[in-house]
Amino acid sequence: MASNYLAKGLKRSALTVALGLCFAGGVQAQSTSGAISGSVPAGSTVTISNNSGLTRTVTADANGRYSASNLPVGAYTVVSGGSKREIVVTVGSNTNVSFGGDTTTLGTVTVTGATIASIDTSAVDTRSVLTAQQIERLPLARSAEAIALLAPGAVSGAAGFFGGLVSFGGAGVSENAYYVNGYFTGEPLSNLGGFTLPYGAIEQQETFIGGYSAKYGRSDGGVINQIGKRGTNEWKFGGQVTYTPKNLRGNNDDLYLPNIDFSEFNKNLPATCGDDGATQCAYAYENADKAGDLYSRGKESNSWNHSYSMYAGGPIIKDRLFIYGAAEWTKNESTNAPTSLSSTFNRTDWETDTPKLYAKLDWSISDNHFLEATYLRQKTDQSGVYYSYDFDAGTSGAQKTDSFPDSLEQKNEYAILKYTGYLTDSLTLNATYGQGKLQTLSSPYLMPGKAVINNPINQNPALNGGTPIRSPQTGNSGRNSTNETSGLRADLEWVVGDHTLTFGVDNIKFEASNEGSTQFIDRWYYAKTTGNIVPGHVGNPSSTANPTGYYVYKLLFNTATSMSLDQKAWYIEDRWQVTDNFLLSLGVRNDQFTNANNIGEKYLDAKNQWAPRLGFAWDVSGDASFKVFGNAGRYFLAMPNNVAIRGASASTFTREYFTYTGIDANGVPTGLTAVPRTDGESGPYSANGEYGQPIDVLAFAPKDLKNMYQDEYLLGMEKMLNENWMLGVKLTKRELKSAMDDICDPGRMEAALVKKGIDPDSVEIPGCFMFNPGGTNTFSLKNASGTGRTEIVMSAADWGFVDSMKRGYTGIDVYLERAFDGKWEARLDYTYSKSKGNMEGQVKSEFGQDNISKTQDWDAAEIMMFANGYLANDRRHQLKLRGSYMINDEWMVGGNIRINSGSPFSCLGYFNPGNIDENSPAADPIGYGSSYHTCFGGVATPGSKRNPWTRTVDLGVTYRPAFLDKKLSLGMQVRNVLNANGVLQSDVTSEESPYVVSNTFMLPQGRQTPRTVVFTASYDW
């Protein structure tokens, strides 16, 4: 939203209500600054200062208007004539401070921590800004994402997979941007999440939900922009302890495996199926005796944590050089019991240590030149131990000493340097340079001679004595990668009369080495079927000696590689104060993206991606009490580095299928006989042709590949109902115009070549390509002769698609806010929205596929049939209520309530919209198994069913004893007071093989976190 969230301790008089003319300053999203502007008698001087050495004096123009932009956020004193006011500047906002008439008559008027009205009439966008004081008053989880979820229209990602991330306005969870002190800190490989500040070091967090200017791009979802605290002329020290006791945490409910009656589905099936026409057609559970049985015990899995933090800040040289430092150490502990279907019956106890450091140096070189240096560091160490576990009894045994869970070590570092120069009263230069490094080491504990055994419950009972033979080995692959970033942005702002012109560049480069997965030992999967394992490719394992069709397959998965992404942009923007009451923002941004693989071959070099931006703000009454605003813009996204993994670089992903006649003591199958291939091939099978061969990047990515981009339109109003309450209404429409994904259907390309008179054998055709879903692309294929290349144009029709790519979001936000006045505050948000189409974005939330821009969607036409419906991040209704209340000078209470309608449920099965034998190739035309939008012989429209509504109530209380000068703070938060355990996400994959229903189909994959009690104690000197 566009509200400033500034009204703290507001004191008004009839005279101050009459003031309020606003002048446009150049402040935008992802910045670290704000602005102060207003009106005074013509020619008057206005002095603006803070407690960190900044002092600026500006002179009002002939119309009595003044403006000071690019001010660091925080508390300021504004003086004109005999009047003085104390205000707070928030990031990206313009704070109105006006002195009307004879300023000497206003000498006794004081506005503390607020401007006259809480509506920022210079904002043409929508954002939510919370200060450190507001964050402290609310019962929130200690994360940037928890703060971001307070914004209108923001919802949690798919629980169980992306639940710690946020979706804004129907966009995917990978389409957001993270910034700290003006530098991009998003996860550089996949853009899933990002680095954030120690919780107590957050000065302000801006959550951007739409309409940002041409200065910024590379996000079509939202922006989480944090500004850290800084030192002042006063030395301050403090520390905090948080404690989450294990025994006060609520428990998840026990889960039972579903037990669906398939009789209604089976009565419409033909009597017999299969190649021989003699197999009984009937849906049945993979393990019928497990249906309805206990799956997991809720009380056996729990988590708790505690944290310690401290800070210190003050002047090194008064008014010139300041330092601030904060350190936070968090220990998370959890215990996870196995389920009835686990491959190994181990209870796993995890311990994760996360120390985080933030340091900032501010140098006021002079009154007009400032330098800021920021250093950020985080280290994550995760390790665990196993305990034996008796599932039937629900009891744990001794700790295991022969096997351990995979360990994880991760290091993040950022160094950021920012210069601000007020070159003249009308010319300001900002420049930010930063570097980042992310190192990840994930290591499996390897036991000599052991392999990983999956699904031992599906072993042939005649070969294991009726008891599954399990392996103590749990991990088989690891990761040892380094990601580095370096970026520079520079902005020159020039105020010329009624125009604020800004010119700038925004460049950043990501480089990754050895990124991906490396497999160290064998991995075996047990299964059974009486039909073809992969129709059209891998045959039937059943025989007279093996009538039930028991088989096993060996998985090989290696993807580690290196890659780079270079992102460059320039922009120009004009914020034109057309009249005293009407602001027009005009801008254009030009983005360029270059992706290269492990040997430096460019597979995307996209130039001149033009992104126009247009916005307006109309101060209807001229006193900042009623604003109408709108915005239209285009937003581009780069192709993530992740695309090089299993895409632009070589990878191996194969399954080799066998029948077996024995099982050794470690669960490894013996007496192997290969299941015959039905496609004329032999050996391992790869659905996408990933056999470790080199990649021809010119064929992999078409020369006219377009980057993902979205158009967005906003229209809204904000109205002060009285001195305290503000009402807002905003309409949002987003439409994804272009997307990128991979397609893995070489057969369609062969057919197109034949149609155009080209012999498919004369060219080399890859297994997968990048393309623009629903669009037309030109591919360059290497000639089989070894010289030259052949181009072919492929349209959506050539690929067999009948529907174009679609993602549309329409939403209306209604919000009512009462800003904090020293006593209480409240905000109510209601959002009604629809997110429809056949393209969620870069991920697939239904089952947590995070292979960015290379999900199974769009891999072939058949997988997209019947895919149009409500998308994964659609929530029809959202209601959010938050607030705080000062009972007296020592006691405060706060609350945060969220009510959401359920997420869509999208069943996936074999391709059988009706009367198709699922054992035939027609039921699995691309060899993906249970991945199509049909289930149990009918079309399964996404979102035709939904998960249930959820409600969450969080409460908190804080006590600051007066006898300690309120330096001590004791608090308690109770999150999810009602201990709701609602289902957020369910298993959507219906079948393990043709007519063999997964026992976990429709089982909850993610639920609300049980009630958690957090105690806090802090002291500030």
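Predicted model only: the values in this text are computed from it and were never measured. (Residues numbered from 1 in each chain as written. Predicted model: local features only at pLDDT ≥ 70, side-chain atom pairs only at ≥ 80, totals over all residues. Heavy atoms only, no water.)

(A) Up close: the UniProt feature "domain: TonB-dependent receptor plug" (unreviewed entry) in the protein. The UniProt record annotates "domain: TonB-dependent receptor plug" (unreviewed entry) at residues 126-222. Annotated as 11% helix and 28% strand, the span residues 126-222 places its first and last C-alpha atoms 10 Å apart. (UniProt positions renumbered as here; feature names shortened; annotations may be inferred. Helix = DSSP H or I, 4+ residues; strand = E, 2+ residues; numbered from the N terminus.)

(B) Molecular detail of the environment of Lys782. Its place among the elements puts Lys782 in strand 46 (residues 777-782). The class for Lys782 is partly exposed, based on a relative accessible area of 33%. Separated by 83 residues in sequence, Lys782 and Ala699 place their C-alpha atoms 7.3 Å apart. Apart from residues lying up to four places away in sequence, Lys782 is in contact with Asp696, Val763, Glu764, Gly788 and Arg789. (Buried < 20%, exposed > 50% of the residue type's maximum accessible area, 1.4 Å probe, protein only. Contact = heavy atoms within 4.5 Å.)

(C) Expanded view of the state of the cysteines. Tallied over the entire structure, the rule returns two disulfides. Covalent S-S linkage joins Cys744 and Cys768, the inter-sulfur distance amounting to 2.0 Å. Disulfide Cys744-Cys768: the torsion about the S-S bond is 110 degrees, which places it as right-handed. Separated by 24 residues along the polypeptide, Cys744 in the loop between strand 44 (741-743) and helix 7 (746-755) and Cys768 in the loop between helix 7 and strand 45 (769-771) bring together distant segments of the chain. Accessibility expressed as a relative area gives 7% for Cys744, which makes it buried. Covalently, Cys907 is tied to Cys935 through a disulfide, its sulfur atoms 1.9 Å apart. Because the torsion about its S-S bond is -105 degrees, the bridge between Cys907 and Cys935 counts as left-handed. Residue Cys907 is found in the loop between strand 53 (904-905) and strand 54 (934-935), and its partner Cys935 is found in strand 54; the two are separated by 28 residues along the sequence. For the pair formed by Cys907 and Cys935, the shared burial category is buried. (Disulfide = S-S within 2.5 Å.)

(D) Expanded view of the sheet that holds strand 33 (residues 550-558). If you walk across this open sheet you meet the five strands as 28-32-33-38-41, and the pairing is mixed. Either end of the sheet is taken by a strand with one partner, and the two such strands are strand 28 (452-454) and strand 41 (673-674). One ladder, built from three bridges, connects strand 28 with strand 32 (residues 523-528); its direction is parallel. Considered in strand 32, the bridge of Val452 is made with Arg523. (Pairing = 2+ DSSP bridges.)

(E) Spatial organisation of the sheet that holds strand 60 (residues 991-993). Within the open sheet, the three strands sit side by side as 19-61-60. Their pairing is mixed. Strand pairing shows two members of the sheet lacking a second neighbour, strand 19 (284-285) and strand 60, which therefore form its edges. Bridge analysis of strand 19 against strand 61 (residues 996-997) gives two bridges, and the strand direction is parallel. Directly across from Tyr285, in strand 61, lies its bridge partner Val997.

(F) Representation of helix 7. The complete set of buried residues in helix 7 reads Met749, Ala752 and Leu753. One side of helix 7 holds all its buried residues, which, seen down the axis, span an arc of 100 degrees. Opposite the packed face of helix 7, turned more than 90 degrees from it, sit the exposed residues Val754 and Lys755. Turning to helix 7, the residues buried within the fold contact strand 45, strand 46, strand 47 (789-794) and helix 8 (796-799). Phi turns positive one or two residues past the end of helix 7, at Gly757, with a value near 80 degrees. (Arc of directions from axis to C-beta.)

(G) Local environment of a nonpolar patch on the surface. Among the surface-exposed residues, Leu423, Leu492, Trp494, Val496, Phe503, Val505, Trp570, Ile572 and Trp610 lie close enough to one another that they form a single nonpolar patch of about 750 Å² accessible area. Where the nonpolar patch is concerned, the elements lending two or more residues are strand 29 (477-496), strand 30 (499-515) and strand 34 (561-577). Checked against the element boundaries, Ile572 lands in strand 34. By relative accessible area, which is 34% here, Ile572 ends up partly exposed. (Patch = residues over 30% accessible without salt bridge, like charges linked within 9 Å, V, L, I, M, F, W, Y side chains within 5 Å. Areas by Shrake-Rupley, 256 points an atom, 1.4 Å probe, with all protein chains shown as cover. Salt bridge = Lys/Arg side-chain N within 4 Å of Asp/Glu carboxyl O.)

(H) Region of interest: the pattern of salt bridges. Scanning the entire structure with this criterion turns up 49 salt bridges. Arg65 is paired through a salt bridge with Asp580; the nearest N and O atoms lie 3.2 Å apart. Of this pair, Arg65 sits in strand 4 (residues 65-72) while Asp580 sits in the loop between strand 34 and strand 35 (582-596), placing them 515 residues apart in sequence. Between Lys360 and Glu372 there is a salt bridge whose closest N-O contact spans 3.0 Å. One end of the pair, Lys360, is in strand 23 (residues 346-366); the other, Glu372, is in strand 24 (residues 369-390), with 12 residues separating them in the sequence.

(I) Structural detail: the confidence of the model for the protein. Here the protein averages 91 in pLDDT, and 94% of its residues register 70 or above. A low-confidence stretch, residues 1-29 (pLDDT under 50), is modelled with 142 contacts involving residues beyond four sequence positions or located in other chains. When the criterion is pLDDT under 50, residues 102-117 qualifies, and its contacts beyond four places in sequence or with other chains add up to 52 contacts. (pLDDT = per-residue confidence, 0-100.)

(J) A look at the domain arrangement of the protein. Entries for the protein in the domain assignment read domain 1 (128-229) and domain 2 (885-1020). The straight-line distance from the C-alpha centre of domain 1 to that of domain 2 is 19 Å. Each side of the interface is counted separately: domain 1 has 12 residues, and domain 2 has 14 residues. Here domain 1 meets domain 2 over a buried area of about 1,000 Å², counting both sides, of which 59% is carbon and sulfur. The largest contributions to the domain 1 side of the interface with domain 2 come from Arg137, Pro139 and Ala159, which together make up 47% of the buried area. (Domains from an automatic or database assignment. Buried area = accessible area lost by both parts, 1.4 Å probe.)

(K) Spotlight on the pairing of strand 43 (residues 725-738). Summarising the sheet, strand 42 (residues 708-720) and strand 43 pair through 12 bridges and their orientation is antiparallel. Residue pairing in the sheet places Met720 in a bridge with Met726 of strand 43. Between strand 42 and strand 43, which follow one another and run antiparallel, lie four residues. As judged from the 11 bridges shared by strand 43 and strand 48 (residues 807-818), these two strands associate in the antiparallel manner. Directly across from Leu727, in strand 48, lies its bridge partner Leu816.

(L) Highlighting unusual backbone geometry. Even without a glycine there, the phi angle at Lys966 is positive, about 60 degrees. Its place among the elements puts Lys966 in the loop between strand 57 (950-959) and strand 58 (968-975). The class of Lys966 is partly exposed, set by a relative accessible area of 34%.

(M) Region of the structure containing the side chain of Asn981. Here Asn981 is to be found in the loop between strand 58 and strand 59 (983-986). A relative accessible area of 12% means that Asn981 is categorised as buried. In terms of polar contacts, Asn981 uses its side chain to reach the backbone amide nitrogen of Asp253, at 2.8 Å. At 3.3 Å, the side chain of Asn981 and the side chain of Arg1007 are in polar contact. Setting aside residues no more than four positions away along its own chain, Asn981 makes contact with Asn252, Asp253, Arg1007, Gln1008 and Pro1010. (Polar contact = N/O pair within 3.5 Å; in protein donor to acceptor, adjacent residues only side chain to side chain.)

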